[in-house]
Amino acid sequence: MIRYSLQCERRHQFEIWFKNSADHDNQSKRGLVTCPACGSTKVEKALMAPSLGAGTKKRSRAAAPEMAPQTPTPTGSETKNPVAIVSPQEREFRAKLRELRDHLTKNAENVGGKFPEEARKMHYGEIEHRSIYGEASPQEAKDLADEGVEFHPLPVLPDDRN
């Protein structure tokens, strides 16, 4: 096994274990190595400090058995992120969600925090129906759904996070 320090185009750094360097190269070429923070497939090897061992000194028979390399324990400043290898079908699905979201935001009016108010006015016939998007708290969304107002959340994708 080999551990690589990697960095995406947005400079998110993370580590992944591979069976060997050829396994890394194969997965990278196929676009299967993605940044856990943003989902980018534009990932490169980051600079790594070499792991320096004690050398190849002969040990006496009384010496303790050699231990397998240990994975470093994260310090308080390091955080673990969920990681996944995304299949080509999942990347295609993500692209379609992005396409849907982009279509909706380009062809609708952004009403921001007034979304619940505007949606209700349209639902109750107080104003003409039009395509809108904006923001609503979880409670506001629940209230709208309870009133029968039809709306859908806009898809948020890993690339949307910075």
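Residues numbered from 1 in each chain as written. Predicted model: local features only at pLDDT ≥ 70, side-chain atom pairs only at ≥ 80, totals over all residues. Heavy atoms only, no water.

K.L.:
I'd like a rundown of the nonpolar core, residues and numbers included.
P.N.:
If you look at the biggest cluster of nonpolar residues, it comprises eleven residues: Y4, L6, C8, F14, I16, F18, V33, C35, A37, C38 and V43. Contributing elements (two or more residues each) for this core: β1 (2-8) and β2 (13-18). Setting aside anything within four residues of it in sequence, one finds I16 in contact with I2, R3, Y4, L6 and V33. Ranked by size, the runner-up nonpolar core spans seven residues in total, among them F115, A119, I132 and V149. (Core = buried A, V, L, I, M, F, W, Y, C linked by side-chain atoms within 4.5 Å. Buried < 20%, exposed > 50% of the residue type's maximum accessible area, 1.4 Å probe, protein only. Helix = DSSP H or I, 4+ residues; strand = E, 2+ residues; numbered from the N terminus. Contact = heavy atoms within 4.5 Å.)

K.L.:
Quick one: what's the story with a nonpolar patch on the surface, residue by residue and with numbers?
P.N.:
Taken together, the side chains of L100, L104 and L154 make up a nonpolar region of the molecular surface, amounting to roughly 220 Å² of accessible area. In this structure, L154 sits in the segment after α4 (138-146). When its relative accessible area of 30% is taken as the criterion, L154 is described as partly exposed. (Patch = residues over 30% accessible without salt bridge, like charges linked within 9 Å, V, L, I, M, F, W, Y side chains within 5 Å. Areas by Shrake-Rupley, 256 points an atom, 1.4 Å probe, with all protein chains shown as cover. Salt bridge = Lys/Arg side-chain N within 4 Å of Asp/Glu carboxyl O.)

K.L.:
A description of the pairing of β1 should follow, citing residues and the corresponding values.
P.N.:
A regular strand places its side chains on the two faces of the sheet in alternate fashion. Pairing geometry for β1 and β2, over six bridges, is antiparallel. Residue pairing in the sheet places I2 in a bridge with F18 of β2. Two elements, β1 and strand β3 (residues 43-45), share three bridges in a ladder whose sense is antiparallel. Residue pairing in the sheet places L6 in a bridge with K45 of β3. (Pairing = 2+ DSSP bridges.)

K.L.:
How would you explain the pairing of β2 if you had to name every residue and give the values?
P.N.:
Burial of the side chains of β2 is restricted to one face: F14, I16 and F18 are buried, whereas none of Q13, E15 and W17 on the reverse face is. From the end of β1 to the start of β2, which pair antiparallel, there are four residues, and R11 there has a positive phi angle of about 70°.

K.L.:
Give me the pattern of salt bridges: which residues, what numbers.
P.N.:
All chains considered together, the criterion is met by ten salt bridges. The residue R130 makes a salt bridge to E109 at a minimum N-O spacing of 2.8 Å. Of this pair, R130 sits in the loop between α3 (115-123) and β5 (132-134) while E109 sits in strand β4 (residues 109-112), and the two are 21 residues apart along the sequence. Close ionic contact of D146 with K142 constitutes a salt bridge, the shortest N to O distance being 3.0 Å. Here K142 and D146 lie together in helix α4, a separation of four residues that amounts to about one turn.

K.L.:
Outline the side chain of Q27, listing residues and values.
P.N.:
With respect to the element layout, Q27 can be found in helix α1 (residues 21-29). The exposure class of Q27 is buried, given its relative accessible area of 14%. When sequence neighbours within four positions are dropped, the list of residues in contact with Q27 reads F18, L32, V33 and I85.

K.L.:
Account for α3, with residues named and values stated.
P.N.:
Within α3 the residues assigned to the buried category are F115, P116, E118, A119 and M122. In an axial view of α3, the angular spread of the buried residues amounts to 165°, which keeps them on one side of the axis. Buried residues in α3 make contact with β4, β5 and α4. Looking one or two residues beyond α3, the residue adopting positive phi is G125, at roughly 75°. (Arc of directions from axis to C-beta.)

K.L.:
Please set out the confidence of the model for the chain residue by residue, giving values where relevant.
P.N.:
When pLDDT drops low, the exact placement of atoms in the prediction is not to be read closely. Confidence in the prediction for the chain averages 78 pLDDT; 77% of positions are at 70 or higher. In the model, residues 54-75 has pLDDT below 50 throughout and makes eight contacts with residues more than four positions away in sequence or in other chains. (pLDDT = per-residue confidence, 0-100.)

K.L.:
Break down the sheet that holds β1 for me, with residues and values.
P.N.:
Spatial strand order, β2-β1-β3: three strands in an open sheet with antiparallel pairing. Strands at the two margins of the open sheet, each flanked by one partner only, are β2 and β3. Each strand of the sheet is rotated relative to its neighbour by a mean of 40°, with strand direction disregarded. Across the sheet, α1 lies against β1, β2 and β3, angled at about 30° from β1, the strand it touches most. (Axes fitted to C-alpha atoms, helices over the stretch in contact; angles between N-to-C directions.)

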